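# Coordinate analysis (summary)
Below are the chains, spelled out letter by letter.
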Amino acid sequence: DVKVTQSSRYLVKRTGEKVFLECVQDMDHENMFWYRQDPGLGLRLIYFSYDVKMKEKGDIPEGYSVSREKKERFSLILESASTNQTSMYLCASSITGVDGYTFGSGTRLTVV
Amino acid sequence: QKEVEQDPGPLSVPEGAIVSLNCTYSNSAFQYFMWYRQYSRKGPELLMYTYSSGNKEDGRFTAQVDKSSKYISLFIRDSQPSDSATYLCAILDNFNKFYFGSGTKLNVKP
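First, a word on what this report is: a plain description of the structure on this page. (Residues numbered from 1 in each chain as written. Chains lettered and ligands numbered in written order. Predicted model: local features only at pLDDT ≥ 70, side-chain atom pairs only at ≥ 80, totals over all residues. Heavy atoms only, no water.)

### Remarks on the side chain of Arg-37 of chain B
Residue and element names in this part refer to chain B. To keep things clear, this is the line we draw: The helix and strand labels rest on DSSP assignments: H or I over at least four residues marks a helix, E over at least two residues marks a strand, and numbering proceeds from the N terminus. Note on classification: 1.4 Å probe, protein chains only; a residue is buried when its accessible area is under 20% of the maximum for its type, exposed when over 50%, partly exposed between these limits. Within 3.5 Å is the distance limit for a polar contact, defined as a pair of N or O atoms, with the added protein rule that one can donate a hydrogen and the other accept it, and that residues adjacent in sequence qualify only through two side-chain atoms. Note on contacts: a residue pair is in contact if any heavy atoms of the two residues lie within 4.5 Å.
Note on placement: Arg-37 falls in strand S4 (residues 32-38). On the basis of relative accessibility, which here comes to 15%, the residue Arg-37 falls in the buried class. There is a polar contact of 3.5 Å between the side chain of Arg-37 and the side chain of Tyr-39. In contact with Arg-37, not counting residues within four places along its chain, are Gly-43, Pro-44, Glu-45, Leu-47, Phe-61, Ala-85, Thr-86 and Tyr-87.

Here's what the structure looks like:
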């Protein structure tokens, strides 16, 4: 089974801190994604990457950046955390879209 | 108008009931339709996918697509407490972009 591992299940950070969320997948998938999930808003795409060192903005990239230095690792960076970035963050990977995504277990980030 | 609309529930049913979960979508060009199940404090997992109109069965689960009405459904027969989760519909467009519903929370009472 493909496994997508997110390094932290729960994080509490202070406003203004730089925050790194790490995601690693073990099945050589080309495509990786970062979403945030909020009640009533569903899943919203932040950034995605179809290859190493490649990144594309999703629907809500403001306040975030990403890094993909290795194929298996996709990092989400909150440059200066704000309270409105309190959310569940989900990483996913896929071979192709029609195969669906494999999601990690999520990181619940609280910014205080 | 959002690309995908899903009734958020929550939906509470007794064990053994038939459950119907539904989504509507706006773009008639959408072709791939999926259902994800998300247990509490977990990431979503792919449950079923279908490409065309009609029904697709997998055990107690049936996915149904009506392209003429732009309506997709997931039916769960003989529902079990272990089916209690949030169910998300997802639709893939021709540019490999996913549109997710906001999820319906289901509780199956023993």
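### Some remarks on the interface of chain B and chain A
How we decide: Buried area is calculated as the accessible area (1.4 Å probe) missing from two parts once they are joined, with the contributions of both summed. A pair is scored as a salt bridge if a Lys or Arg side-chain nitrogen falls within 4 Å of a carboxyl oxygen belonging to Asp or Glu. In this classification, the charged set is Asp, Glu, Lys and Arg, the nonpolar set is Ala, Val, Leu, Ile, Met, Phe, Trp, Tyr, Cys and Pro, and all remaining amino acids, among them Gly, are polar.
Contact with chain B, which involves 19 residues of that partner, is made by 19 residues of chain A. Approximately 1,500 Å² of surface area, both sides summed, lies buried where chain B meets chain A, with 55% of it carried by carbon and sulfur atoms. Taken together, the connections running from chain B to chain A amount to one salt bridge. Of the charged contacts, one joins Asp-59 of chain A and Lys-97 of chain B as a salt bridge, the two residues approaching to 2.7 Å between their closest N and O atoms. Run the count over chain B and chain A and you get four residue pairs in polar contact (both at pLDDT 80 or more). Of all the secondary structure elements, the ones that give two or more residues to the side of chain B that touches chain A are S4, strand S5 (45-50), strand S9 (85-92) and strand S10 (98-100) of chain B. Looking at which element gives the most residues to the side of chain B that touches chain A, the answer is S4 of chain B, with four residues. Its residues assigned to classes, the side of chain B that touches chain A shows ten nonpolar, five polar and four charged.

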